[in-house]
Amino acid sequence: MQKSTTLQFDQLVRERKSVREFQKHHMIPQEELHEIIRMAQTAPSAWNLQHWKVIVVQDPEQKRALLPIANNQQQVVDASAVFIILGDLEANKNVEKVHLPLVHSGVMPKEVYSQIAKDTEEEYKLRNYKSRDSAFLNASLFSMQLMLAAKSIGYDTVPMGGFQVDPLIEKLHIPKRFVPVMMMTIGIASSSAYTTTRLSLDDVIIHESF
Ligand SMILES: Cc1cc2nc3c(=O)[nH]c(=O)nc-3n(C[C@H](O)[C@H](O)[C@H](O)COP(=O)(O)O)c2cc1C
């Protein structure tokens, strides 16, 4: 593998910063939106169930309606689009759609498919904390990739946990199957992100065990 690939990735992750001021009235072309979401969809997920959905809000009136729900964070109005990333509490329902094409094309043995279908059914039989944890875990991986994918084609983002969950669910008619995980604005930066720091490696790494 070429070393330059690593360098490009390094640059991408260093340059992704949370931007909160965006050029107003800019529309992201549909092809670019799709390109970003397609790249984000390459994220890994448990059993490849792809426990995510993304609501894309671009309509100016709809963005304004999100302002109070997003604790009056102005970026939801100014940015080109707002992504609302949802986690799937019933991701086991994706089993057939995800895996059967592989069975039909001869890539996945039938027995492997049957085992996955059995295991996921078992895991999701109880709609409990586990399905919620999985929804958040897997949708967060998708969200991270969304930010990097956006940056890779020149857009900035800010991930947002500061929003009112119930009013959001009501406003966007989010079905019970899905849980809002994150809001994210995307657009062209009009001013730089704040300077931020990271903990030292010593603060983060525990060698072998605590
Ligand atoms: C889960 C999550 C929730 C966040 N919520 C908000 C938010 O509501 N508003 C905001 O301005 N930034 C929010 N941020 C952005 C963080 O403040 C930011 O990522 C952090 O300060 C590091 O800065 P950087 O992203 O520029 O490296 C959130 C980030 C994450 C990951």
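Worth saying up front: this structure is predicted, and the values here are computed from it rather than measured. (Residues numbered from 1 in each chain as written. Predicted model: local features only at pLDDT ≥ 70, side-chain atom pairs only at ≥ 80, totals over all residues. Heavy atoms only, no water.)

**Let's talk about the overall build of the chain**
Right, so step 1: When helices and strands are counted, the chain shows 9 helices and 4 strands.
Right, so step 2: Overall, the C-alpha framework of the chain stretches about 55 × 45 × 40 Å when taken along its three principal axes.
Right, so step 3: Burial status across the chain gives 38% buried among its 210 residues.
Right, so step 4: Across the chain, contacts joining residues at least 24 apart in sequence account for 81% of those joining residues at least 6 apart. (Helix = DSSP H or I, 4+ residues; strand = E, 2+ residues; numbered from the N terminus. Buried < 20%, exposed > 50% of the residue type's maximum accessible area, 1.4 Å probe, protein only. Contact = heavy atoms within 4.5 Å.)

**Some words on the site of the ligand**
Right, so step 1: Of all residues adjacent to the ligand, which total 13 residues, the nearest are Ser18, Arg20, Gln73, Gly161 and Arg198.
Right, so step 2: Residue Arg16 places a side-chain N or O atom 3.0 Å away from an oxygen atom belonging to the ligand.
Right, so step 3: Contact distances for the ligand include 2.6 Å between an oxygen atom and a side-chain N or O atom of Arg20.
Right, so step 4: The biggest single contributor to the shell around the ligand is strand β3 (residues 156–160), with 3 residues.
Right, so step 5: Taken together, the residues of the shell around the ligand sort by class into 3 nonpolar, 6 polar and 4 charged. (Near = heavy atom within 4 Å. Polar contact = N/O pair within 3.5 Å; in protein donor to acceptor, adjacent residues only side chain to side chain. Nonpolar A, V, L, I, M, F, W, Y, C, P; charged D, E, K, R; others polar.)

**A few points about the packing of helix α5 (residues 95–104) against helix α6 (residues 110–125)**
Right, so step 1: In the contact formed by α5 and α6, the axes pass within 10 Å of each other and the chain directions differ by 170°. Considering the angle they form, α5 stands roughly antiparallel to α6. For the pair formed by α5 and α6, the contact residues are Val95, Glu96, His99, Leu100 and Val103 on the first element and Lys110, Tyr113, Ile116, Ala117 and Thr120 on the second. (Axes fitted to C-alpha atoms, helices over the stretch in contact; angles between N-to-C directions. Parallel < 35°, antiparallel > 145°, perpendicular 65-115°, else oblique.)

**Examining the confidence of the model for the chain**
Right, so step 1: Here the chain averages 95 in pLDDT, and 96% of its residues register 70 or above.
Right, so step 2: Confidence drops under a pLDDT of 50 for residues 1–5, and excluding neighbours within four residues, the segment shows 0 contacts in the predicted structure. (pLDDT = per-residue confidence, 0-100.)

**A look at the side chain of Ser45**
Right, so step 1: Structurally, Ser45 is set in the loop between α2 (30–40) and β1 (52–57).
Right, so step 2: The class of Ser45 is buried, set by a relative accessible area of 15%.
Right, so step 3: A polar contact of 2.9 Å, which involves the side chain of Ser45, links it to the backbone nitrogen of Gln50.
Right, so step 4: Ignoring sequence-local partners within four residues, the contact set of Ser45 consists of Gln50, His51, Trp52 and Asn138.

**Details of the sheet that holds β3**
Right, so step 1: One open sheet accounts for 4 strands, arranged β1-β2-β4-β3; its pairing is antiparallel. If you trace the sheet from one side to the other, it starts and ends with β1 and β3, each paired once. Mean inter-strand twist for the sheet, computed between neighbouring axes without regard to direction, equals 25°.
Right, so step 2: With 8 bridges joining them, strand β2 (residues 81–88) and strand β4 (residues 178–187) adopt antiparallel strand pairing. Opposite Asp88, over in β4, you have Phe178 as the bridge partner. (Pairing = 2+ DSSP bridges.)

**Points about α2**
Right, so step 1: Every buried residue of α2 is accounted for by Leu33, Ile36, Ile37 and Ala40. For α2, the angular spread of the buried residues around the axis is 90°, confining them to a single face. Among the exposed residues of α2, those pointing more than 90 degrees away from its buried face are Glu31 and Arg38. (Arc of directions from axis to C-beta.)

**Details of the pattern of salt bridges**
Right, so step 1: According to the stated counting rule, one finds 6 salt bridges in the structure shown.
Right, so step 2: Residue Lys125 pairs with Glu122 through a salt bridge whose shortest N-O separation is 3.2 Å. Taken together, the positions of Lys125 and Glu122, both in helix α6 and 3 residues apart, correspond to about one turn of that helix.
Right, so step 3: A relative accessible area of 57% places Lys125 in the exposed class.
Right, so step 4: A relative accessible area of 52% places Glu122 in the exposed class. (Salt bridge = Lys/Arg side-chain N within 4 Å of Asp/Glu carboxyl O.)

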